[in-house]
Every structure is written in C-alpha cells, then in structure tokens.
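Chain residues, written in single-letter form:
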Amino acid sequence: MSLAIVFGGPIRPATAKMSLFKGQTVYVPVYSHIYSGDRERPFYLAATLSIRNTDRNHGVIITAVDYYDSDGKFLKHYLEQPISLGAMATLRYVVPESDKSGGSGAKFIIQWRSEHPVAEPLIESVMISTKTQQGISFTSRGRVLEAVIP
C-alpha cells in the first residue's frame, strides 16, 4: 500500500504548504532565574536569544530586540538600529547570569521584516547555568503576536 492511498492524495514536498511572511512581531520567554527547593531559592541563569533566518534565498531585517521584566516593564533595547540578517544566518544576544533585572518572567519582543515573502525565522531562547555540581539548561520558543502576510 502506498502512502498516497493511506493519506488520500499525492505526496508533496514539505515546502509546498509552508507559510511565507513579510514580517512578524515575536514574543520570546526568557528566565533570568527559576526557583528550586521548598524555600523557592532563586537559581540564576544566563540566557541566549537566538534569531535564525530559516529562508534559504532571502535575508530579513531585524528592526527591534527589546527586553522586558516580569512586570512587563521595558528594560533595554538590544538593537540600536535595524540589522540585516542574511539567508540562513543567525544572530545572538546574551543576558548574563549576573543580570537579575528581568526576573523569572522576563521576555524579549523581536520585530523583523522582509521585502520578499520568506520562511519565518526560528526565534528561541536558551537558558543555562552550572553551580557547584548542579547544572541546568532548557529552551523556550518564540510565539508570533503579529504577522505581515504577503
């Protein structure tokens, strides 16, 4: 039995159904710390924001990388002016472990645009820390708040 019969139609490449965009505003959770133990002691983390252009043919323009704390208060612009991110290229921004200003509910708001319809970038954060003999690391993916569809 072929897959076309099982799924009721011809097999198409994955890119046939891929949505394309000309821009997005993306929310990315970041944790300056998490809590451990019965006393909820903070465990401080370094966070790396990763913005990966997944389009193989076109670049995107990153127009904002803004950092907010747990209460939604703006803390910092990580980008002074728009920056071009080439096809398949990656940008990173680091919040050091010593920066406790964001709290356990910190977040980034990223805005990007493109002149051409493109595959949406992969935007995520990676949190990591090692203390004595204990280590922890995990990731959070961005969530699209607004999108410009061609």
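Please read all numbers here as calculations on a predicted model, not as lab measurements. (Residues numbered from 1 in each chain as written. Predicted model: local features only at pLDDT ≥ 70, side-chain atom pairs only at ≥ 80, totals over all residues. Heavy atoms only, no water.)

Glancing now at the overall build of the chain. When helices and strands are tallied, the chain shows one helix and 12 strands. The order of helices and strands in the chain, counted from the N terminus, is α-β-β-β-β-β-β-β-β-β-β-β-β. Considering only intrachain contacts with a sequence separation of at least 6, the fraction spanning at least 24 residues in the chain is 74%. When the accessible area of the chain is evaluated, it comes to approximately 9,400 Å², of which 51% is carbon and sulfur surface. (Helix = DSSP H or I, 4+ residues; strand = E, 2+ residues; numbered from the N terminus. Contact = heavy atoms within 4.5 Å. Areas by Shrake-Rupley, 256 points an atom, 1.4 Å probe, with all protein chains shown as cover.)

Now for the pattern of salt bridges. In total, this model carries two salt bridges according to the counting rule given. Notably, a salt bridge pairs arginine 113 with glutamate 115, separated by 3.8 Å at the nearest N-O pair. Overall, the relative accessible area of 38% leaves arginine 113 in the partly exposed class. Among the residues examined, glutamate 115 registers a relative accessible area of 62% and is labelled exposed. Two residues, arginine 141 and glutamate 124, come together in a salt bridge whose shortest N-O distance is 3.4 Å. One end of the pair, arginine 141, is in strand β11 (residues 134-141); the other, glutamate 124, is in strand β10 (residues 122-131), with 17 residues separating them in the sequence. (Salt bridge = Lys/Arg side-chain N within 4 Å of Asp/Glu carboxyl O. Buried < 20%, exposed > 50% of the residue type's maximum accessible area, 1.4 Å probe, protein only.)

Atomic detail in the predicted coordinates should be set aside for any region of low pLDDT. Model confidence for the chain is summarised by a mean pLDDT of 89, while 89% of its residues fall at 70 or above. Across the chain, strand β5 (residues 60-68) holds the top mean pLDDT of 98, while helix α1 (residues 3-7) sits lowest at 50. Counting contacts from residues 1-5, a segment whose pLDDT is below 50, to residues more than four positions away or on other chains yields five contacts. (pLDDT = per-residue confidence, 0-100.)

On strand β8 (residues 90-95), burial follows the alternation: Leu91, Tyr93 and Val95 on one face are buried, whereas Thr90, Arg92 and Val94 on the facing-out side are not. Sheet topology note: the strand β4 (residues 46-52)/β8 ladder contains six bridges and is antiparallel. Bridge pairing in β8 places arginine 52 opposite threonine 90. (Pairing = 2+ DSSP bridges.)

With respect to the helices, strands and loops of the structure, threonine 139 is situated in strand β11. Linking threonine 139 and proline 29, residues 110 residues apart in sequence, is a C-alpha distance of 9.1 Å. When sequence neighbours within four positions are dropped, the list of residues in contact with threonine 139 reads Ser125, Val126 and Met127.

Below, the discussion takes up the environment of alanine 46. Checked against the element boundaries, alanine 46 lands in strand β4. Each C-alpha atom of the pair alanine 46 and proline 96 lies 4.8 Å from the other, and the pair is 50 residues apart in sequence.

Quick look at the sheet that holds β4 now. Paired through their backbone hydrogen bonds, the strands of a sheet run either parallel or antiparallel. Strand order in the open sheet made by the four strands is β8-β4-β10-β11, with antiparallel pairing throughout. On the outer flanks of this sheet lie β8 and β11, each paired with one strand and no other. Each strand of the sheet is rotated relative to its neighbour by a mean of 15 degrees, with strand direction disregarded. In terms of strand pairing, β4 meets β10 through seven bridges, oriented antiparallel. Across the sheet, serine 50 pairs through a bridge with glutamate 124, a residue of β10. (Axes fitted to C-alpha atoms, helices over the stretch in contact; angles between N-to-C directions.)

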